[in-house]
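# Structural features, examined
Here's the letter readout for the chains.
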Amino acid sequence: MEDFSAKFVSQKISKTRWRPVPAAALQPPELFATGSWDNEENKISVWSVGDFGSLGPNGEYQGEPQLLCDIRHHGDVMDMQFFDQERIVAASSTGSVTVFRHHQNNQTLSVNQRWERAHYHVDPDIPFYGGASCTGVICNNPEIVTVGEDGRINLFRADHREAVRTIENADSSTLHAVTFLRTTEILTVNSIGQLKIWDFRQQRNEPSQIFSLTGDRIPLHCVDRHPNQQHIVATGGQDGMLSIWDVRQGSMPVSLLNAHEAEMWEVHFHPSNPDHLFTCSEDGSLWHWDTSTDVSEKPSFFHQGGRSTTLLSHTANQSVISAWLSNNPTKDRMEITNLVPNQTLSVNSLDVLGPCLVCGTDAEAIYVNRHLFA
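These notes cover the structure that comes with them. (Residues numbered from 1 in each chain as written. Predicted model: local features only at pLDDT ≥ 70, side-chain atom pairs only at ≥ 80, totals over all residues. Heavy atoms only, no water.)

Let us look at the sheet that holds strand 21 (residues 255-257). With respect to topology, four strands assemble into an open sheet ordered 18-19-20-21, the strand pairing being antiparallel. The two strands at the open ends of the sheet, each matched to only one other strand, are strand 18 (220-225) and strand 21. Sheet twist, expressed as the mean angle between neighbouring strand axes with direction ignored, is 20 degrees. One ladder, built from three bridges, connects strand 20 (residues 242-246) with strand 21; its direction is antiparallel. Pairing of Leu 242 across the sheet is with Leu 257, part of strand 21. (Pairing = 2+ DSSP bridges. Helix = DSSP H or I, 4+ residues; strand = E, 2+ residues; numbered from the N terminus. Axes fitted to C-alpha atoms, helices over the stretch in contact; angles between N-to-C directions.)

This is the structure in structure tokens:
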């Protein structure tokens, strides 16, 4: 934990996201947003990573995150994504989806747009209809896709009042998470262990492909796609296992890797260094999975004691990137490190960008690491 700065924030943090860095910029991210849950009043907050000039005796970063502004959020923040440099989209347990604007000139947040009844359980024309939790949101400007516990998929466009497309009964079970596979295709995961591909170019409201965990229908909670090889997808779920899928072939995962001892809440490939993958869990751990080649010869940027090496299969003549698609365990090793040892309460969310990682916990703390690959 010596590489982390911690901030105790007096609210349980459900989501943490870096503000994207402009494409041409070389500097690391400076701002991140958090969302909270299970508090009397939940908030969306924007933070700066802290005092840049503050270095300790060994050159380590000492600043702690500084709160820039916050705004009340109705309901628990179930998911949150930056839409662009200024706008943040939040999914609520009430079923609403809200776009907040961060005004950097005076450091305030305001509501830019809200879809009040994006997700609901019964007829929305009846007063006092029951809101259904909006469990996932993903943005690809100008589009915003949401999924919910009502099994509904919505496609919104920023500044449009109504949904552009809604797939009413997309799923008979709860949809837990969504991500873009390509510009017109999304991936969803649900509470019965299924991964589905949806193609918005098709008018019919059916998935174009369905993949499934065999056997016990373990709920899947999170999904991410490899940034360079879009057919490689990672999911995590209630049993803490990490599943790697190749959506070009078969209907089952390519690899099932033993991971956490409780629910895996988020999985993220590093966006520019996807041999590295990060997962966080209800069991209080945040794992860094490193499949980059020749682990033994790399400088050790891992904490001693948090180290374990897992065999990862690998197909001969595959590119390094495809270390994730594997079936010869002697070829490659994978190094796994718990970046936040000695945590007992859930690590609910993480985000990685450049050399920086941020995570949020039920222990009402935010942790920031600004030199992941030091």
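What follows is about the pattern of salt bridges. Per the stated rule, a full pass over the model turns up 17 salt bridges. Residues Arg 72 and Glu 41 are paired through a salt bridge, measuring 3.7 Å at the closest nitrogen-oxygen approach. You can see Arg 72 sitting in strand 5 (residues 66-73) and its partner Glu 41 sitting in the loop between strand 3 (31-36) and strand 4 (42-48), a full 31 residues away along the chain. Assessed through its relative accessible area of 46%, Arg 72 is described here as partly exposed. Among the ionic contacts, a cluster of salt bridges with common partners joins Lys 15, Arg 17, Asp 79 and Glu 266. (Salt bridge = Lys/Arg side-chain N within 4 Å of Asp/Glu carboxyl O. Buried < 20%, exposed > 50% of the residue type's maximum accessible area, 1.4 Å probe, protein only.)

A separate point is the state of the cysteines. Taken as a whole, this structure holds zero disulfides when the rule is applied. In this model Cys 280 remains outside any disulfide bridge; the closest cysteine sulfur is found in Cys 359, 7.5 Å from its own. Taking the relative accessible area as the measure of exposure, Cys 280 reaches 0% and is therefore buried. (Disulfide = S-S within 2.5 Å.)

Before going further, it helps to examine the side chain of Ser 285. Position of Ser 285 relative to the elements: it lies in the loop between strand 23 (276-281) and strand 24 (286-290). Only 2.5 Å separates the side chain of Ser 285 from the side chain of Asp 283, close enough to count as a polar contact. For Ser 285, the side chain forms a polar contact with the side chain of Trp 287, separated by 3.5 Å. If near-sequence neighbours (up to four positions away) are discounted, Ser 285 is found in contact with His 260, Thr 279, Cys 280, Asn 338, Val 340 and Val 347. (Polar contact = N/O pair within 3.5 Å; in protein donor to acceptor, adjacent residues only side chain to side chain. Contact = heavy atoms within 4.5 Å.)

Let us now look at the packing of aromatic side chains. Counted according to the given criterion, the structure contains seven aromatic pairs. Note on Trp 18 and Phe 32: the rings are 5.5 Å apart at their centroids and 80 degrees apart in plane angle, and the pair reads as edge-to-face. On the criterion of sequence distance, the pair formed by Trp 18 in strand 2 (residues 13-18) and Phe 32 in strand 3 is long-range, its members being 14 residues apart. Like Phe 32, Trp 18 is buried. Relative to Trp 47, the ring of Phe 32 has its centre 6.3 Å away and its plane inclined at 10 degrees; by these criteria the two rings are stacked. Here Phe 32, found in strand 3, pairs with Trp 47, found in strand 4; they are 15 residues apart in sequence, far enough to count as distant. Here the aromatic residues Trp 18, Phe 32 and Trp 47 are joined through ring pairs into a cluster of three or more. The aromatic ring of Tyr 120 is capped on one face by Arg 152, whose charged end is 4.0 Å from the ring centroid. (Phe/Tyr/Trp six-rings, centres within 6.5 Å; stacked < 30°, edge-to-face > 60°. Lys NZ or Arg CZ within 6 Å of the ring centre and 35° of its normal.)

Among the nonpolar cores identified, the biggest contains 17 residues, and Ala 234, Leu 242, Ile 244, Val 267, Leu 277, Trp 289 and Trp 324 are the most heavily contacted of them. Residue assignment for this core shows that the elements contributing at least two residues are strand 19 (232-237), strand 20, strand 22 (264-269), strand 24 and strand 26 (332-338). For this core, the element with the highest residue contribution is strand 22, accounting for three residues. Apart from the residues within four sequence positions on either side, Leu 277 is in contact with Ala 234, Leu 242, Val 267, His 268, Phe 269, Trp 287, His 288, Trp 289 and Trp 324. Grouped together as the second largest cluster of nonpolar side chains are 14 residues, Leu 339, Ala 365, Tyr 367 and Leu 372 included. (Core = buried A, V, L, I, M, F, W, Y, C linked by side-chain atoms within 4.5 Å.)

Next up on the list: the side chain of Ser 45. With respect to the secondary-structure elements, Ser 45 resides in strand 4. Residue class for Ser 45 comes out buried when judged on its relative accessible area of 1%. In this view, Ser 45 contacts Gln 11, Phe 32, Ala 33, Thr 34, Leu 67, Cys 69 and Asp 70; residues no more than four positions away in its chain are not counted.

Turning our attention to the sheet that holds strand 7 (residues 87-92). With antiparallel pairing, four strands are arranged side by side in an open sheet as 6-7-8-9. In the strand order of this sheet, the two ends are held by strand 6 (77-82) and strand 9 (108-115), each with one partner. Adjacent strand axes in the sheet meet at a mean angle of 25 degrees when their direction is disregarded. Sheet topology note: the strand 6/strand 7 ladder contains five bridges and is antiparallel. Pairing of Phe 82 across the sheet is with Ile 88, part of strand 7.

Moving on, we come to unusual backbone geometry. Note that the residue after Asn 141, namely Pro 142, is joined by a cis bond; omega there is 10 degrees. Take Pro 142: it is sitting in the loop between strand 10 (134-140) and strand 11 (143-148). Here Gln 107, not a glycine, exhibits a phi torsion of approximately 50 degrees, which is positive. Its place among the elements puts Gln 107 in the loop between strand 8 (97-103) and strand 9. Gln 107 gets classed as partly exposed once you look at its relative accessible area, which sits at 27%.

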